[in-house]
Amino acid sequence: MKRKIVSLLAIATMTATMFAGCGGSDTASTDSAAPAEGGEATETTEETVAELPEDTGKVFNIYCWNEEFKSRLTDHYADYTEVDATHGKIGDVDVVWNITPSTDNAYQNNLDEALLAQESASADDKIDLFLVEADYALKYVDTDFAMPLSDLGITDADLADQYKYTQDIVTDSNGKLKGASWQACSAGFIYNREAAKEILGTDDPDEVQAAVADWDKYNETAKKVADAGYTMCSVNDTFRVYSNNVSGKWVQDDKVVIDKNIEKWIDDSKALVDAKAEDTDDLWGDDWAKGKTPAGKVFCYFGPAWFFNFCLDADQDGTIANQGGWGYCVGPQSYYWGGTWLCAATGTDNANLVKDIILTMTTDKAVLKEIAQKDADCVNSKTVLKELASDESGNLDLLGGQNPYPQLAEGAEKVDLSNISAYDQGCNEELQKAMKNYFLGKATKDEALDMFKKAVVEKYPNLTAE
Amino acid sequence: MDANILSYDKKVREDNNMAENTSSVTKKKDNGASIHARRFVAYLVLILVSFLCLFWFYVLFINATRSHSELSQGFTAIPSSHLIDNWVNLKSGTLPIFNGMVNSLIISVATATLATYFSTMTAYAIHAYDFKLKNFMFTFILMIMMIPTQVTALGFLQLIDKMHLDNSAIPLIVPAIASPAVFFYMKQYMDSTLPLSLVEAARIDGSGEFRTFNQIVVPLMKPAIAVQAIFSFVGSWNNYFTPALVLHDDTKKTLPILIAQLRNADWLKFDMGQVYMMIAFSIFPVIIVYLLLSRFIVGGVTLGGVKG
Amino acid sequence: MNKKSKVVSYNKWGYIFLIPFVVIYLVFQMIPLVSTIYNSLFEYYRSGLTQIGPNFVGFENYATIITNGDLPTYFKNTMIMWVLGFVPQIVLSLLLGAWFTDPSLKLKCQTFFKTVIYLPNLIMASAFSMLFFTLFADSGPINSMLMQIGVFHEAYKFMSNVWSVRTLVATMNCLMWFGNTTILLMAGMMGIDPSLFEAAQVDGATATQIFYKITLPLLKPILIFVMITSLIGGLQMFDVPQILTNGSGDPMRSSMTLIMYLNKHLFSKNYGLAGALSVFMFIITGILSLIVFKFTGKEDKDGR
């Protein structure tokens, strides 16, 4: 054991100049705090895990679909220097960004081919790090193409401050954790304060929460909202809330199973659409966006921090956000929306660097706090969120001065994603599309369900749906 | 002039019946009133059609002047004040848009050139010569024209992977040499306008076959080449599917991929104003290319149709 | 035109001029094509990152497609949307072509009109669709206009009704492609020897007669081209309905085209089913094209 520690330390010192040996220690603003943390991380690593082979790769390939992580790394990973739009340097290693937009599934197609060719790829072409989204994470995580974090020398202790649901998403069927995220996008109920005062007689987050505490209360409130001439929201807004709280996986023994909570979404939504309490607008469309102004007469949206920060158009005159007219509470059930996970690719020739990037970007509290403050990401650290919850600086104008972090932290704690499957992306998309026909009266419930089953089997030929 | 054709409706019906109705055409001389009526209808339709064609560019322009938040408020007909902001944001962003334009230009120009030149050559081979496989080849090319491109796309990608042409413009350009639809057009155009007597006259003058093709046939085919050059150029310019799967380096990417990337941006950077600005930016060069090439077609028709 | 016997000695040049096309075709298209047809006999797809197959299954993929009975529906949808778009498109194109070439009309600003009509084709289908979404949204300008003049009392959901979606798809296709057709026709018209028109006018023919007796017959090869390529393009209709319905072909797949259906199988890289489906597509296209050829070919002989 001792020898191992020594050799590891030797590697660490050798490479420390090239790679960031202790995560975030060079970050200017946190000079005093960070080295201690970095030191701790190294220690725990040494005790439990086999040493990593020395990094031999000269090129560090990162696969992703947009520039989000690139800008995070540029801003918060001290040793990274940008060369041009798709190239950077960490020490002597050239970082290459392979960015493919996800439109038309191009990102996954591209990543699939690259991973399948990983073994035979030349050293400079091997993927080192790739990014995934939650909806399809298991497609990659539940294969040998993604490395268990434990093989990288990252321990449970390193990750203890992260929210459990962010780990559920990237835990494979053998219980191995294979990825990590710097974000914890717990989401909740964003309500129109004016409308809440008018209909519920209060705009206090706790009292509004009481009015939508579960789906029965939510449905009652929705009817009142409809009577007052408002629309609650779109059925597509509530879908994620229901689908995050299912009691079983979408696919069991290669068979598509429609969960009770999904059934409930279908029935609740149909009733509310018929009562004109909810509409069927597609997310991001013009009709859906009309609720951002008072004239749109929409009672609420469902969304996480990035949603109210960037999607409610606070900079635009006349929007509710601009007048500070939104409020935030947890809503009927806890759920999450969005986030990017980092996965190490099996066969990477820069394992130490991969490890350090994952540790720095997803566990270093100083870095995470910086990200929270600079980029308004809701970060994946219980400690940091707690700090922000008790801090005045978390108060947001667009929420009428409310600090949403207590609710965000509470939500993130409660999200339970033990029931995700590799088929979630396809099943969720197809169900919403098919059910819209039922809600609008274009098909019966059974016809719409048949349409859904047909579409799922087309997407995943190995499944059965009957 | 034919007095029967007074109204738009009637004209449409006549057009549908095409040649069959020729016998019913009378030899009445047209009078001033009917000419005026027809001209009025023609202008009315043309103005309406032009409006429908230009309207989209107006909306694109309007949207390019609006900020992201304004855009999410829905449609307006009045431009806003963010044109310069959007442009500056787009230009100072990390996407290499000028690079993208150069890439798009290279790929599209090369595609259009190869597609038209070699299709003319292929069509000429079938049109001007008699050889054993001639009919077979013609039928064969027509048949492959009917194969949907979407399916072979996957096999095509596997192939270029094996050929190590990944991340290169070559697989986007070279296959244009074999463009069945362009060939078919060239062949049909030759059928209607290229007399073989011209070719024979050239032979008598001692011109080699290759020279005859380049110096006599190609110039005669100018309108057809211009038409297909425009179509190939535009098709290649707006192509997203294949380039997105082939090109990985930002510096090698074409404009449609960059647009998709801009629309995929994370929430901190997502900006529809920039997207519309980028769309406007990427349409600009096509319009110029189109205007340059369209002179061959537009000018030509006047020559052919109105002369005398 | 038919006397080609004199060029016999030059005929090897026919082969030489074919070389580039054939070589490139064989390399870049034949190999993928053969593998497509070959794959149609296999169970061969991806489940996530795991390759399933290829396992030889004979004609099982073909049987699957025939028995689930979706093909005729999607074929019908495709044809309906194609006809809805193509009829106005070809009528408008011929009409414009006739006007532009009619010497007695003496239309002004011809260059402008001729240039403008092709412009919509320059816009990417995805960008075009974005604009359509905005215009035809429930709270969009078209709806508020219709409600103001009292056509509807509440917003009409253009994207959720069978015929409005089909009509929108057809409208977009027509707008995007009628300029293309017109240009093809005009280029054909331009190639016609002007002396023919002069001779006809000297003989006292009217503009209409010139159009029907000279322009149209000489234009026939180009018209056949337009018909065939539009038909093929119509059968392969994909991007507009795909983007406009977000790939769903809603409502209840009433605007799902054949290629959109094919595209569904590309998600799982289902080479087997997709291969079989494309063989069907190929047969359908072949039969329809043959009909058009036969039909126009006969007329051709009668016409001359």
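These figures come from a predicted structure and were not determined experimentally.

## A short note on the overall build of chain A
- Within chain A, the secondary structure is distributed over 19 helices and 13 strands.
- Each of the 466 residues in chain A was classed as buried or not, and the buried ones make up 55%.

## Here's the deal with the overall build of chain C
- Of regular secondary structure, chain C possesses 12 helices and two strands.
- Going residue by residue from the N terminus, the α and β elements of chain C occur as α-β-β-α-α-α-α-α-α-α-α-α-α-α.
- The buried share of chain C, reckoned over its 304 residues, is 51%.
- Considering only contacts within chain C whose residues lie at least 6 apart along the sequence, 68% involve residues at least 24 apart.

## Thoughts on the nonpolar core
- If you look at the biggest cluster of nonpolar residues, it comprises 304 residues, and the most contacted ones within it are Trp 326, Cys 343 and Ala 345 of chain A.
- For this core, the element with the most residues is helix α7 (residues 162-190) of chain C, which contributes 16 residues.
- Not counting chain neighbours up to four residues away, the residues in contact with Trp 326 of chain A comprise Ile 190, Tyr 191, Asn 192, Arg 193, Phe 308, Leu 312, Ile 320, Ala 321, Leu 398, Leu 399 and Gly 400 of chain A.

## Here's the deal with the packing of helix α9 (residues 180-193) of chain B against helix α12 (residues 222-237) of chain B
Residue and element names in this part refer to chain B.
- Relative orientation of the contacting elements α9 and α12 amounts to 165°, with a least axis distance of 10 Å. Accordingly, the angle class assigned to the pair α9 and α12 is roughly antiparallel. You can see that α9 and α12 cross each other, and the crossing is right-handed. Between α9 and α12, the contacting residues are Val 182, Tyr 185, Met 186 and Tyr 189 on the first element and Ala 224, Gln 228 and Ser 232 on the second.
- Of the residues assigned to the contact of α9 with α12, the class counts are five nonpolar, two polar and no charged.

## Some thoughts on the interface of chain B and chain C
- Counting residues at the interface gives 93 residues for chain B, matched by 104 residues for chain C.
- Sort the elements by how many residues they give to the side of chain B that touches chain C and helix α15 (residues 272-306) of chain B lands first, with 16 residues.
- Along the lines of polarity and charge, the residues of the side of chain B that touches chain C split into 61 nonpolar, 19 polar and 13 charged.

## What to know about the sheet that holds strand β13 (residues 340-344) of chain A
Residues and elements named next belong to chain A.
- Taking strand neighbours across the sheet as the criterion, the seven strands line up as β2-β3-β4-β1-β5-β13-β6 in an open arrangement whose pairing is mixed. On the outer flanks of this sheet lie β2 (80-84) and β6 (180-181), each paired with one strand and no other.
- Sheet analysis places strand β1 (residues 59-64) next to strand β5 (residues 127-133), joined by three bridges and oriented parallel. When the sheet's bridge partners are listed, Asn 61 is paired in β5 with Ile 127.
- Contacting β1, β2, β4 (93-99), β5 and β13, helix α3 (residues 68-76) crosses the sheet at an angle of about 125° to β2.

## Considering the packing of helix α18 (residues 424-439) of chain A against helix α19 (residues 445-459) of chain A
Residue and element names in this part refer to chain A.
- Relative orientation of the contacting elements α18 and α19 amounts to 150°, with a least axis distance of 8 Å. If you check the angle between α18 and α19, you find them roughly antiparallel. Here α18 and α19 pass one another in a crossing that is right-handed. On α19, the residues that touch Gly 426, Cys 427, Glu 430, Leu 431, Ala 434, Met 435, Asn 437 and Tyr 438 of α18 are Lys 445, Ala 448, Met 451, Phe 452, Ala 455, Val 456 and Lys 459.
- When the residues that make up the contact of α18 with α19 are grouped by side-chain class, the tally is 10 nonpolar, two polar and three charged.

## Structural notes on the pairing of β1 of chain A
Residues and elements named next belong to chain A.
- Of all the six residues making up β1, five are buried; the element is thus mostly covered by neighbouring parts of the structure.
- As judged from the six bridges shared by β1 and β4, these two strands associate in the parallel manner. Bridge assignment links Ile 62 to a residue of β4, and that residue is Trp 97.

Conventions used here
- Residues numbered from 1 in each chain as written.
- Chains lettered and ligands numbered in written order.
- Predicted model: local features only at pLDDT ≥ 70, side-chain atom pairs only at ≥ 80, totals over all residues.
- Helix = DSSP H or I, 4+ residues; strand = E, 2+ residues; numbered from the N terminus.
- Buried ≥ 20, exposed ≤ 12 C-beta atoms within 10 Å, placed from the backbone.
- Contact = placed C-beta atoms within 7 Å.
- Core = buried A, V, L, I, M, F, W, Y, C linked by C-beta atoms within 7 Å.
- Axes fitted to C-alpha atoms, helices over the stretch in contact; angles between N-to-C directions.
- Parallel < 35°, antiparallel > 145°, perpendicular 65-115°, else oblique.
- Left-handed = near helix turned anticlockwise from the far one by under 90°.
- Nonpolar A, V, L, I, M, F, W, Y, C, P; charged D, E, K, R; others polar.
- Pairing = 2+ DSSP bridges.

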